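As a plain string of letters, each chain reads:
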Amino acid sequence: MTDIIKANLYDYPKYYDLLFGSDCAAEFRFLKGCFRKHVPFEVERVFEPACGTGRLLIRLARAGYAVAGNDLNDKAVEFCNDRLERGGFPRSVRVQDMADFRVRQTFHAAFNMINSFRHLPSEETAEAHLRCMADALKPGGIYLLGLHHTPARGPYTEEEAWNARKGHLSINSYMWTKERDFKGRNERIGLTFDIYTPTQQFRIEDEMNYRTYSVEQFRELLARTGRFRVAETYDFHYRLDQPIEVTSRTEDVVYVLQRV
């Protein structure tokens, strides 16, 4: 029988890092390409809110960028800082709320690629986050924000499954929508992660809430904040030469938000 642990996957940074690291190479190339294409000055300092285990921060640090970030989960922050330190870089990630923080020095670019923005539960916290990000960026700098929209009409994406393997560690994951409340702007997500090692097999079960955003709702949020303009939009294939037009039917978008 498989042991079941009801827990937060963010408390298991080793497993989280393996699961969400599969697109790292494509994301890394995309980030560097966006820095060159959309920032009118040389990018040297890069920031990631809700950075988790820092799977992209460490790659950027190795490429010569000065990196920093924040996250609410202290285990993920420790994992990230340990990784940076092993690479010879400063322990530059802090335990902070992505809707309530300040930086000591402004950055040239920032990114949040995998929907973490939707963890912010209200319009007030979303606006506060965008204000914090604007204050953290030099004018002309960019914030790359990956967002899964709710299309104006279905069908909607209801489930996703993927697996990851490294050495003798293997993880199968499954994520599905349990409930969608458009009036309350909330999507309740169920998650299971089946972990396989040479000596044990177990399952982590988790649940999370994502705030929903139609394209129009996100545009209104940006307009109210008034600190960013949309410089370009891409999909999750990360093709710099193929920007997309965002319509009411669009789901996955990476917004290039330029600090005004």
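Quick summary incoming for the structure in this document.

Reading guide: rules and limits
Numbers given to residues run from 1 along each chain, matching the order in which its sequence is written. In view of the model being predicted, local features appear only for residues whose pLDDT reaches at least 70, and side-chain atom pairs are presented and counted only at 80 or more, with totals across whole chains, interfaces and linings using the full set of residues. As a convention, hydrogens and water are excluded, and side-chain values are obtained from all of the structure's heavy atoms. Segments assigned H or I by DSSP are reported as helices when at least four residues long, segments assigned E as strands when at least two residues long, and all are numbered from the N terminus. In this setup the radius of gyration rests on C-alpha atoms only. A globule is expected at 2.2 Å times the number of residues raised to 0.38. Relative accessible area decides the class of each residue, using a 1.4 Å probe on protein chains only: under 20% of the type maximum gives buried, over 50% gives exposed, and in between gives partly exposed. The contact criterion used throughout is that any non-hydrogen atoms of two residues lie within 4.5 Å. Here the accessible surface of atoms and residues is derived via Shrake-Rupley with a 1.4 Å probe, and residues count as covered only by protein chains that are part of the display. His is not counted, nor are the chain ends; Lys and Arg add positive charge and Asp and Glu add negative charge. Charge placement uses NZ in Lys and CZ in Arg. For Asp and Glu, CG and CD serve respectively. Salt bridges are defined by distance alone: a side-chain nitrogen of Lys or Arg within 4 Å of a carboxyl oxygen of Asp or Glu. In this description, a nonpolar core means a group of buried Ala, Val, Leu, Ile, Met, Phe, Trp, Tyr and Cys residues linked to one another through side-chain atoms lying within 4.5 Å. The term polar contact refers here to a pair of N or O atoms within 3.5 Å; inside protein, the definition further demands a hydrogen-donor-capable atom paired with an acceptor-capable atom, and it admits residues adjacent in sequence only when both atoms are side-chain atoms. For the purposes of this analysis, a disulfide is any pair of cysteine sulfur atoms at a distance within 2.5 Å. Here the expected length of a helix is defined as 1.5 Å per residue gap, with one fewer gap than residues.

A closer look at the overall build of the chain
Right, on to step 1. Of the regular secondary structure elements, the chain holds six helices and 12 strands.
Right, on to step 2. Computed over its C-alpha atoms, the radius of gyration of the chain comes to 18 Å, within 12% of the 18 Å expected for a compact globule of 260 residues.
Right, on to step 3. A principal-axis box enclosing the C-alpha atoms of the chain has dimensions of 55 × 50 × 35 Å.
Right, on to step 4. The 260 residues of the chain split such that 51% are buried.
Right, on to step 5. For the chain, restricting intrachain contacts to residue pairs at least 6 apart in sequence, the fraction spanning at least 24 positions comes to 66%.
Right, on to step 6. Accessible surface, the chain: about 12800 Å² in total, of which carbon and sulfur atoms supply 46%.
Right, on to step 7. Treating the 37 positive side-chain charges of the chain as one cloud and the 37 negative ones as another, the clouds have centres 4 Å apart.

Examining the pattern of salt bridges
Right, on to step 1. The final tally for this structure, using the stated rule, is 19 salt bridges.
Right, on to step 2. Here Glu-127 makes a salt bridge to Arg-224, at a shortest N to O gap of 3.0 Å. Here Glu-127 is found in helix 5 (residues 123-136), whereas its partner Arg-224 is found in helix 6 (residues 215-225), with 97 residues between them in sequence.
Right, on to step 3. For Glu-127, a relative accessible area of 18% translates into the label buried.

Section: the nonpolar core
Across soluble globular proteins, nonpolar side chains have a tendency to be buried as a group.
Right, on to step 1. In this structure, Phe-117, Tyr-143, Phe-218, Phe-228 and Leu-257 are the most contacted members of the largest nonpolar core, which totals 31 residues.
Right, on to step 2. Broken down by secondary-structure element, the contributors of at least two residues to this core are strand 5 (107-112), helix 5, strand 6 (137-148), helix 6 and strand 12 (252-259).
Right, on to step 3. Ranked by the residues each element gives to this core, the list is headed by helix 5, at seven residues.
Right, on to step 4. Ignoring any residue separated from it by four or fewer positions in sequence, one finds Phe-117 in contact with Met-98, Asn-112, Ala-126, His-129, Leu-145, Leu-147, Tyr-213, Phe-218 and Leu-221.

Examining the side chain of Asp-17
Right, on to step 1. Position of Asp-17 relative to the elements: it lies in helix 1 (residues 13-19).
Right, on to step 2. Side chain to side chain, Asp-17 and Arg-83 meet in a polar contact 2.8 Å long.
Right, on to step 3. Apart from the residues lying within four places of it in its own chain, the contact partners of Asp-17 are Thr-53, Arg-55, Phe-79 and Arg-83.

Things to note about the state of the cysteines
Right, on to step 1. Per the stated rule, a full pass over the model turns up zero disulfides.
Right, on to step 2. Cysteine Cys-24 is unpaired, with the sulfur of Cys-80 as its nearest cysteine sulfur at 12 Å.

Remarks on helix 5
Right, on to step 1. Relative to the 20 Å expected for 14 residues at 1.5 Å per residue, helix 5 spans 20 Å between its end C-alpha atoms, a close match to the ideal helical length.
Right, on to step 2. Inspection of helix 5 places Glu-123, Ala-126, Glu-127, Ala-128, His-129, Leu-130, Cys-132, Met-133, Ala-134 and Ala-136 among the buried residues, and these make up the whole buried set.

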